Amino acid sequence: MSARRHAFGIDIGGSGVKGAAVDLETGELRHERIKIATPQPSTPDAVATAVAQLIAQADWDGPVGLTLPCVVLDGVAHTAANVDKSWIGTDARTLFSDALDGREVTVLNDADAAGLAEDRFGAARDIDGLVLLLTFGTGIGSALLNNGTLVPNTELGHLEIGGMETEHRAAASVKEREDLSYPEWATRVSTVLRGLEDLFWPTVFVAGGGISRDADQWIPLLTNRTRVIPADLRNTAGIVGAAMAVDAGITP
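Scope of this entry: the structure provided in the associated data block. Quick caveat: nothing in here was measured; it's all calculated off a predicted structure.

**Considerations on helix α6 (residues 182-200)**
Stage number 1. Taking 1.5 Å per residue, 19 residues should reach 27 Å; α6 reaches 26 Å between its end C-alpha atoms and fits that length.
Stage number 2. Burial in α6 covers these residues: Tyr182, Trp185, Ala186, Val189, Ser190, Val192, Leu193, Gly195, Leu196 and Glu197.
Stage number 3. Residues of α6 that are buried sit in contact with β8 (130-136), β11 (160-161), α4 (166-170), α5 (172-177), β13 (204-208) and β14 (228-230).
Stage number 4. At the exit of α6 stands Trp201, carrying a positive phi of roughly 50°.

Okay, here's the thing in structure tokens:
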């Protein structure tokens, strides 16, 4: 961490652009998070305008970290999940910096940001070794960290395990769409986790996404060997991780 005690994080999703200043010593938000509805269509220029509005509302004049539901390499978006497909190929770092009058920005994948936050301030804060965060939602996002160092853009939700892409087998949306019981869904999640642990041998899995709120109904049913713990930060993880990334100068 740098000497700066606070940084600003913005988490851009399919429905909302959410942000707040973050205390980098504790991971706590310095004020109530500000939320602006994600413009529809969620084109780069429209989202950049919403980001500028949010920053103006927060009266923040320093660097800004931002998440996108995209693979991000050197500030450029290479995929687009739950945002307009025109993001693909967009230099997001330059876009947001220009929208914010040339200030310093960092852009990273949303699951990676959540992983950074959970590893330092959340569920995995006291755990050494390899931490693998999985966010169960419309798809499955992933973040892989080894002793706090992020391996960016893992996209393990697209890994094929047992002849099927993992998020097609066990995303939370699959449970809802197929009306699976928690025991039925936990069997599918266990298959995914066994495949991932055979490849990566993590110390712990951190389970995120909205369904982690019901962790007591399905985590005890899992049959993989590696410990699985629910995420702590939930709605603030992306904001906190984005603030951490701009403070640390992380550039995936």
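The rest of the description comes next.
**Looking at the sheet that holds strand β9 (residues 140-146)**
Stage number 1. Read across the sheet, five strands follow the order β10-β9-β8-β13-β14 without closing on themselves; strand pairing throughout is mixed. The two strands at the open ends of the sheet, each matched to only one other strand, are β10 (149-151) and β14. Strand-to-strand, the axes of this sheet are offset by a mean angle of 30°, without reference to chain direction.
Stage number 2. Together, β8, β9, β10 and β13 form the strand contacts of helix α3 (residues 110-120), whose direction differs from that of β9 by roughly 45°.
Stage number 3. Of the strands in this sheet, β8, β9, β13 and β14 are in contact with α6, which crosses β8 at around 150°.

**Looking at the side chain of Ser97**
Stage number 1. Note that Ser97 resides in helix α2 (residues 92-99).
Stage number 2. With a relative accessible area of 15%, Ser97 lands in the buried category.
Stage number 3. The contact partners of Ser97, leaving out residues within four places of it in the chain, are Gly102, Arg103 and Val105.

**Points about unusual backbone geometry**
What you tend to see is this: most non-glycine residues have negative phi, and most peptide bonds are trans.
Stage number 1. Of note, the bond from Gln40 into Pro41 is cis; its omega dihedral lies within 30 degrees of zero at 0°.
Stage number 2. Considering the arrangement of structural elements, one finds Pro41 in the loop between β3 (34-37) and α1 (44-58).
Stage number 3. Although it is not a glycine, Asp101 sits at a positive phi angle of roughly 60°.

**Here we look at the sheet that holds strand β1 (residues 6-12)**
Stage number 1. If you walk across this open sheet you meet the five strands as β3-β2-β1-β4-β7, and the pairing is mixed. Sheet topology places β3 and β7 (105-109) at the edges, where each strand pairs with a single neighbour. Going from strand to strand, the sheet's axes swing by 20° on average, the running direction of each strand aside.
Stage number 2. Sheet analysis places β1 next to strand β4 (residues 64-68), joined by four bridges and oriented parallel. The residue bridging Asp11 from the neighbouring strand is Thr67, located in β4.
Stage number 3. In this fold α2 packs onto β1, β4 and β7, with an angle of close to 140° to the strand it touches most, β7.

**A closer look at the nonpolar core**
Stage number 1. Among the nonpolar cores identified, the biggest contains 30 residues, and Leu116, Val206 and Met244 are the most heavily contacted of them.
Stage number 2. Among the elements of the structure, β2 (16-23), α3, β8, β9, β13 and α7 (237-248) are those that each provide at least two residues to this core.

**Things to note about the packing of α1 against α2**
Stage number 1. Viewed as axis vectors pointing N to C, α1 and α2 meet at an angle of 45°, and their least axial separation amounts to 9 Å. The angle between the axes of α1 and α2 places the two elements in the oblique class. Pair α1 / α2 crosses with right-handed handedness. Contact with α1, carried on its side by Pro44, Asp45, Val47, Ala48, Val51 and Ala52, involves Leu95, Phe96 and Ala99 of α2 and no other residues of that element.
Stage number 2. Of the residues belonging to the contact of α1 with α2, the class tally is eight nonpolar, no polar and one charged.

Criteria and thresholds
Residues numbered from 1 in each chain as written. Predicted model: local features only at pLDDT ≥ 70, side-chain atom pairs only at ≥ 80, totals over all residues. Heavy atoms only, no water. Helix = DSSP H or I, 4+ residues; strand = E, 2+ residues; numbered from the N terminus. Expected span 1.5 Å × (residues − 1). Buried < 20%, exposed > 50% of the residue type's maximum accessible area, 1.4 Å probe, protein only. Contact = heavy atoms within 4.5 Å. Pairing = 2+ DSSP bridges. Axes fitted to C-alpha atoms, helices over the stretch in contact; angles between N-to-C directions. Core = buried A, V, L, I, M, F, W, Y, C linked by side-chain atoms within 4.5 Å. Parallel < 35°, antiparallel > 145°, perpendicular 65-115°, else oblique. Left-handed = near helix turned anticlockwise from the far one by under 90°. Nonpolar A, V, L, I, M, F, W, Y, C, P; charged D, E, K, R; others polar.

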